[in-house]
Amino acid sequence: MIQFGVLGTARITPEALIYPCMNEPLANIRVIAARDKHRANTFAAAHHIDTVCDSYLDVINHAKINAVYIPLHIPAHHPWTMAALKAGKHVLCEKSLACNAEEAREMNQRAKDQELVLMDAFHYRYHPLFARMKNIVASGTLGTISSIDAAFHTPVTDPSDIRMNYHLGGGVTMDIGCYPISWVRHLTDTEPTVISATAEVGPPQVDLFLETKMEAGNIAITTSADMRASASFKAEVTVRGSLGEMRVDNVIAPQLGHLLTLNVGKKITHQSVDRRPTYAYQLDAFIAAIETGESLWTDGDDAVAQMTVIDRCYEAVGLPIRGLKL
């Protein structure tokens, strides 16, 4: 039985963990803390969480729990993950896992040393839609893959949003843009080389838009992420091969509707899979990793590789790697 403690009252928490736990007899949320205890009490009452602690440290040391969910701002991921692992608790941490690859390496090594599960919360990876995408690429249906374009665009209009603050791990690539980077990494099963990048910067050192050109063997890759106020929602991947093309709309949240379109041999077909939430599949995988030792696609090793690519993107565009003291 997985008994979670939660750090903070982030907006993502109900969708990412509370609702999936409602339909999962092997997982429960027992304790929570927030910087504002009144807010924690209100959140706990609304979501039927038993215990409100005075501090994050009290959560991770709580005797009732064996796992911690960390949806805090990105610079808090490293210290609280390290503390939770030291306390003997498994960790489900929101993405990006860390500010940079070096932090991710330290977190990954601590998890290995403690023989605990550390999961980078890329929920899309566990949904049947992405499994179908990978199967199509691997099957040869598209022939030899020549290019992949991946984009996630969604507007952010609040200037006080933490994504607008470098010191809080801000930048589109750390939040929205980490997804298309992860999509192409997992579709190709390789670590792409960053060739070049272009960006539009808003607040100091904060990328509002970032586009990359990468290579994975002979595959040309483009990724783009956009959180400018003018952005229109887009979460899509297009894979082109010598025999045809696959386009997938709404890779990020297929439970809200999605479409996989194949154009092969001048024949166009449309496919969809089930609409069970990505977060429910993610919880399944987290439980299986703890209870039966099943491997994760987004474990600590993958998180280190993911953050290494993100670091290279920032270097290519001439922006500082997140977590550096400016």
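Above this text is the structure in question.
Not measured: the values here are computed from a predicted model. (Residues numbered from 1 in each chain as written. Predicted model: local features only at pLDDT ≥ 70, side-chain atom pairs only at ≥ 80, totals over all residues. Heavy atoms only, no water.)

> Which parts of the structure should I look at to understand empty space enclosed by the protein?
Where empty space is left becomes clear once a probe the size of a water molecule has been rolled over the atoms. Going through the model one piece at a time under the given rule, you end up with one cavity of 30 Å³ or more. By volume, the largest cavity amounts to about 30 Å³. Lining the largest cavity, in full, are Thr173, Gly177, Pro180, Ile181, Leu210, Thr212, Thr223, Ser224 and Ala225. Looking at the lining of the largest cavity, the elements with two or more residues in it are helix 8 (178-188), strand 9 (207-216) and strand 10 (219-226). Take the lining of the largest cavity: its biggest share by element is three residues, from strand 10. (1 Å grid on protein atoms, 1.4 Å probe; cavity = no way out; pocket = protein on both sides within 12 Å on 5 of 7 lines; lining within 4 Å. Points joined across faces, edges and corners; volume = space filled by probe spheres on them. Helix = DSSP H or I, 4+ residues; strand = E, 2+ residues; numbered from the N terminus.)

> Honestly, the sheet that holds strand 6 (residues 118-120) in this entry has me stumped. Any pointers?
The pairing of strands in a sheet comes from backbone hydrogen bonds and takes either a parallel or an antiparallel form. With parallel pairing, the six strands of this open sheet are ordered in space as 3-2-1-4-5-6. Each having just a single partner strand, strand 3 (51-52) and strand 6 make up the two edges of the open sheet. Taken together, the two bridges between strand 2 (residues 27-33) and strand 3 define a ladder with parallel strand orientation. Bridging across to strand 3, Ile32 finds its partner in Val52. (Pairing = 2+ DSSP bridges.)

> Explain the pattern of salt bridges to me, please; I cannot follow it from the model alone.
A side chain of one charge can pair with a side chain of the opposite charge when the charged atoms of the two come close. Counted according to the given criterion, the structure contains 19 salt bridges. Linking Asp149 and Arg240 is a salt bridge whose minimum nitrogen-to-oxygen distance equals 2.7 Å. Placement of Asp149 in strand 7 (residues 145-153) and of Arg240 in strand 11 (residues 234-241) is noted, with a sequence separation of 91 residues between them. With relative accessibility at 31%, the residue Arg240 sits in the partly exposed group. (Salt bridge = Lys/Arg side-chain N within 4 Å of Asp/Glu carboxyl O. Buried < 20%, exposed > 50% of the residue type's maximum accessible area, 1.4 Å probe, protein only.)

> Before we go on, may I ask you to explain the layout of surface pockets in this structure?
Looking at the largest pocket, its volume works out to about 1400 Å³. Every residue lining the largest pocket is counted, 41 residues in all, and those nearest its centre are Arg11, Ile12, Ile162, Arg163 and Asp175. At the level of secondary structure, the elements contributing two or more residues to the lining of the largest pocket comprise helix 4 (77-86) and helix 7 (172-175). Counted by class, the lining of the largest pocket contains 21 nonpolar, ten polar and ten charged residues. (Nonpolar A, V, L, I, M, F, W, Y, C, P; charged D, E, K, R; others polar.)

> Would you take a moment to explain the sheet that holds strand 9 for this structure?
Ordered in space as 8-9-10-7-11-12-13-14, the eight strands form an open sheet in which the pairing is mixed. Each edge of the open sheet is held by one strand with a lone partner, namely strand 8 (193-201) and strand 14 (267-271). Taken over all neighbouring pairs, the strand axes of this sheet differ in orientation by 10 degrees on average, direction set aside. Summarising the sheet, strand 9 and strand 10 pair through eight bridges and their orientation is antiparallel. Opposite Leu210, over in strand 10, you have Ala225 as the bridge partner. Along the sheet, helix 8 makes contact with strand 7, strand 9, strand 10 and strand 11, crossing strand 7 at roughly 155 degrees. (Axes fitted to C-alpha atoms, helices over the stretch in contact; angles between N-to-C directions. Contact = heavy atoms within 4.5 Å.)

> What is the right way to read the pairing of strand 5 (residues 90-93) from this model?
Walk down a regular strand and you will see the side chains alternate between the two sheet faces. Burial along strand 5 is two-sided: the face carrying His90 and Leu92 and the face carrying Val91 and Cys93 are both buried. For the handedness criterion, the β-α-β arrangement of strand 4 (residues 67-70), helix 4 and strand 5 is classed as right-handed. Taken together, the three bridges between strand 5 and strand 6 define a ladder with parallel strand orientation. Across the sheet, the residue bridging to Leu92 is Met119, located in strand 6. Read from strand 5 through helix 5 (residues 101-114) to strand 6, the crossover connection turns out right-handed. (Right-handed = clockwise from strand over helix to strand, strands pointing away.)

> How should I be thinking about helix 8 in this particular structure?
With eleven of eleven residues buried, helix 8 lies mostly within the body of the structure. Those residues of helix 8 lying buried are Cys178, Tyr179, Pro180, Ile181, Ser182, Trp183, Val184, Arg185, His186, Leu187 and Thr188. Count one or two residues on from helix 8 and you reach Asp189, which has phi positive near 55 degrees.

> Which parts of the structure should I look at to understand the pairing of strand 2?
Most of strand 2 sits inside the fold, with six of its seven residues counted as buried. In this structure, strand 1 (residues 2-7) lies alongside strand 2, joined through six bridges in parallel fashion. Along strand 2, the bridge assignment pairs Val6 with Ile32. Traced from strand 1 through helix 1 (residues 13-22) to strand 2, the parallel crossover comes out right-handed.

> What exactly am I supposed to notice about unusual backbone geometry here?
Most peptide bonds take the trans configuration, and most residues that are not glycine carry a negative phi. Geometrically, the link from Lys95 to Ser96 is a cis peptide bond, its omega value of -10 degrees lying close to zero. Note that Ser96 resides in the loop between strand 5 and helix 5. A positive phi angle, near 65 degrees, is found at Lys266, a position not held by glycine. In this structure, Lys266 sits in the loop between strand 13 (259-264) and strand 14.

> Explanation requested: the side chain of Arg322 in the structure shown.
Mapped onto the elements, Arg322 comes out in the segment after helix 10 (300-317). Separated by 2.7 Å, the side chain of Arg322 and the backbone oxygen of Gly170 make a polar contact. Here the side chain of Arg322 touches Pro320 through a polar contact of 2.8 Å, landing on its backbone oxygen. Contacts of Arg322, omitting those with residues within four sequence positions, involve Cys99, Asn100, Tyr166, Gly169, Gly170, Gly171, Met174, Gln205, Val206, Asp207 and Tyr314. (Polar contact = N/O pair within 3.5 Å; in protein donor to acceptor, adjacent residues only side chain to side chain.)

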